[in-house]
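Secondary and tertiary structure notes
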Amino acid sequence: METIQEKAGRYQVFYRGQLLDDVMPFWMNSDLLDREYGGCITSIDREGRSYNDDKSVWFQGRCLWTFSALCRQYGVRAEWKEAADLAKRFLEEHCVDTDGRMFFTVTRDGRPLRKRRYMFSESFYVVGMAEYGAAFGDRDALDKAAACFELMLRLYRHPEEDPYKITPKSYASTRSERAAAVPMVMVSSAQILRRCIPEQAAYYSAVVREMVDDLIGIHYQPQLKCVLETVLPDGAHVDNPAGRCINPGHSCENSWFLMCEALYSGDAELTKKALNILDWSLERGWDKENGGMFYFVDVDGRPCEQLEWDMKLWWVHNEILIASLAAYQITGEEKYWNWFEKVHDYAFSHFHDAEHGEWYGYLHRDGTVSHTQKGSLWKGPYHLPRCLMTCDTLLGRIAEGAAPISFI
């Protein structure tokens, strides 16, 4: 009978093959690289052709991270380095406003179209520039990543100082709310900066701990067995659809960020809480009738506000694959390996495009394809390549019987 270690070795070969022989060739043979205006074309159809020239700024930072990380993990390839360089220059030249904040979308040649309140564009700039700086020994890129993170940190701690003043999304004087996604991206950004700028490890570790304390102290709800996306400043939840909303994909992503932090710091209590988050998310979010993970769930089982609540999204399943392997690596509990195989079977039988390569991003509840595009404002070469790269690493360690270590 095949052992889990033997299975892990077989899966590792498969995941690396999917990354290097299926997913990345799709992007390299597509219209992704804009050699005329710089950066990366955002909107890519099923066959790899552009269907909209406007560019997502998130997409540029994510591409910068992915192609830099590929070079770090598998060795520098000219095509990956070119892609990283195109994204880096476009970000620097076209995506930062005069106030230091970043745009959300720009035209193909880099003129601003939209700017949004939240700082996710900045977070992807930070991780992309940090990864590039570490991969290619570029001190200027590291310095720019660190400076942008300091802007993010200031806005997180003192949102009233945001130089970009627009009509608020909601009125804090009526109801002040906090979103879990914000400390989540702060944790991830600080963890990557810590790895890429090791001489500042103590500083970034302190920031990570601050953000973890906010996530656990405010959004982690053991009495409800969930992480709530939106809460009041003291962690209390509002009895409306937004206040009852669980995003299982975010929670699973958070769980592996927290597992990595627990491994890095030796925090056994944080490990338990990270595993709780994963367990709760899998139990609440898995569609027991059709398979796959729901996009949103109401904590009380009441109607969700989002019309897309029961869709199955590619990135959610990417995060579960990583989190389940991380949990198995830490605990050795077979239930987590079983979850990995269960999600693997669903994901590769439903999301993977066997004809053209890469994954579809959006499925209906019954698993049929809703949208065929491979690139959009939200989807591109990030979540799936990150998943395949990370699973390659985790599966290799499991196959070798190696002790668990942080893999960020």
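Described below are features of the structure shown in this document. Note that the coordinates shown come from a computational prediction; the quantities given were computed from them, not determined experimentally.

Take the side chain of Gln221 next. Relative to the helices and strands, Gln221 is located in strand β7 (residues 220-221). Owing to a relative accessible area of 4%, Gln221 belongs among the buried residues under this scheme. In terms of polar contacts, Gln221 uses its side chain to reach the backbone carbonyl oxygen of Ile218, at 3.0 Å. Apart from residues lying up to four places away in sequence, Gln221 is in contact with Cys226, Leu228, Val231, Gly235 and Trp280.

In spatial order, the strands read β12-β13-β14; together these three strands make up an open sheet with antiparallel pairing. Because the sheet does not close on itself, it has two edges, and the strands there are β12 (312-313) and β14 (369-371). Of the strand pairs in this sheet, β12 and strand β13 (residues 362-363) are connected by two bridges, and their pairing is antiparallel. Counted as the bridge partner of Leu313 is Tyr362 from β13.

Before going further, it helps to spend a moment on the layout of surface pockets. Its boundaries defined by the atoms lining it, the second largest pocket holds a volume of some 270 Å³. Around the second largest pocket sit 16 residues that line it, and Trp65, Arg72, Thr390, Phe407 and Ile408 are the ones nearest its centre. Going through the elements one at a time, α2 (57-74), α6 (181-196), α8 (248-265) and α12 (383-400) are the ones with two or more residues in the lining of the second largest pocket. Taken together, the residues of the lining of the second largest pocket break down into nine nonpolar, four polar and three charged.

This part covers the environment of Glu199. Looking at the secondary structure, you find Glu199 in the loop between α6 and α7 (201-219). Once the C-alpha coordinates of Glu199 and Glu93 are considered, the two residues, 106 residues apart in sequence, prove to be 28 Å apart. In terms of polar contacts, Glu199 uses its side chain to reach the side chain of Arg139, at 2.9 Å.

What follows deals with the packing of α8 against helix α9 (residues 268-285). Contact pair α8 / α9: the axes reach a minimum separation of 8 Å and the direction vectors enclose 160°. On the basis of the axis angle, α8 is roughly antiparallel to α9. Along this stretch, α8 crosses α9, giving a crossing that reads as left-handed. Two secondary-structure elements touch here, α8 through Pro248, Ser251, Cys252, Ser255, Leu258, Met259, Glu261 and Ala262 and α9 through Leu270, Thr271, Ala274, Leu275, Ile277, Leu278, Ser281 and Gly285.

What follows covers the pattern of salt bridges. Applying the stated criterion across every chain, the model contains 40 salt bridges. One salt bridge in this structure joins Glu47 and Arg49, with 3.4 Å as the shortest N-O distance. Across the salt bridge formed by Glu333 and Lys335, the nearest N and O atoms sit 3.9 Å from each other. Assessed through its relative accessible area of 37%, Glu333 is described here as partly exposed. A residue is classified by how much of its surface remains accessible, and Lys335, at 39% relative accessible area, is partly exposed.

The subject of this paragraph is the sheet that holds strand β4 (residues 105-106). Ordered by their spatial adjacency, three strands build an open sheet running β3-β4-β5, and the pairing between neighbours is antiparallel. Every interior strand has two partners, whereas the edge strands, β3 (55-56) and β5 (112-114), have only one. Alignment of β3 against β4, held across two bridges, turns out to be antiparallel. If you follow Lys55 over to β4, its bridge partner there is Val106.

All right, on to the nonpolar core then. The biggest cluster of nonpolar side chains holds 133 residues, and the ones touching the most others in it are Tyr15, Leu32, Phe67, Phe149, Trp337 and Leu395. Leave out the neighbours within four places in its chain, and Phe67 touches Met24, Met28, Leu32, Trp80, Ala83 and Ala84. Counting residues in hydrophobic clusters, the runner-up holds nine residues, among them Ile218, Cys226, Leu228 and Phe294.

A separate point is the packing of helix α1 (residues 4-28) against α12. As a packed pair, α1 and α12 sit with axes 8 Å apart at the nearest point and diverge in direction by 155°. In terms of orientation, α1 lies roughly antiparallel with respect to α12. Pair α1 / α12 crosses with left-handed handedness. In this structure, α1 uses Ile4, Gln5, Ala8, Gly9, Tyr11, Gln12, Tyr15, Arg16, Gln18, Leu19, Val23 and Met24 to contact α12, whose residues at the interface are Leu384, Pro385, Leu388, Met389, Cys391, Asp392, Leu395, Gly396, Ile398, Ala399 and Glu400.

This model, assessed by the stated rule, comprises two cavities of 30 Å³ or more. As for the largest cavity, its lining consists of Ser56, Trp58, Phe59, Arg62, Ser376, Leu377, Trp378, Lys379, Gly380, Pro381 and Tyr382. No other element matches α2, which puts three residues into the lining of the largest cavity. When the residues that make up the lining of the largest cavity are grouped by side-chain class, the tally is six nonpolar, three polar and two charged. Taken as a whole, the second largest cavity spans an internal volume of roughly 30 Å³. Taken together, the residues of the lining of the second largest cavity break down into six nonpolar, one polar and no charged.

A word on the environment of Ala145. Within the fold, Ala145 resides in helix α5 (residues 139-157). In sequence terms Ala145 and Tyr132 are 13 residues apart; their C-alpha atoms lie 9.7 Å from each other. Among residues more than four places away in sequence, those in contact with Ala145 are Val126, Met129, Ala130 and Leu193.

Definitions and cut-offs
Residues numbered from 1 in each chain as written. Predicted model: local features only at pLDDT ≥ 70, side-chain atom pairs only at ≥ 80, totals over all residues. Heavy atoms only, no water. Helix = DSSP H or I, 4+ residues; strand = E, 2+ residues; numbered from the N terminus. Buried < 20%, exposed > 50% of the residue type's maximum accessible area, 1.4 Å probe, protein only. Polar contact = N/O pair within 3.5 Å; in protein donor to acceptor, adjacent residues only side chain to side chain. Contact = heavy atoms within 4.5 Å. Pairing = 2+ DSSP bridges. 1 Å grid on protein atoms, 1.4 Å probe; cavity = no way out; pocket = protein on both sides within 12 Å on 5 of 7 lines; lining within 4 Å. Points joined across faces, edges and corners; volume = space filled by probe spheres on them. Nonpolar A, V, L, I, M, F, W, Y, C, P; charged D, E, K, R; others polar. Axes fitted to C-alpha atoms, helices over the stretch in contact; angles between N-to-C directions. Parallel < 35°, antiparallel > 145°, perpendicular 65-115°, else oblique. Left-handed = near helix turned anticlockwise from the far one by under 90°. Salt bridge = Lys/Arg side-chain N within 4 Å of Asp/Glu carboxyl O. Core = buried A, V, L, I, M, F, W, Y, C linked by side-chain atoms within 4.5 Å.

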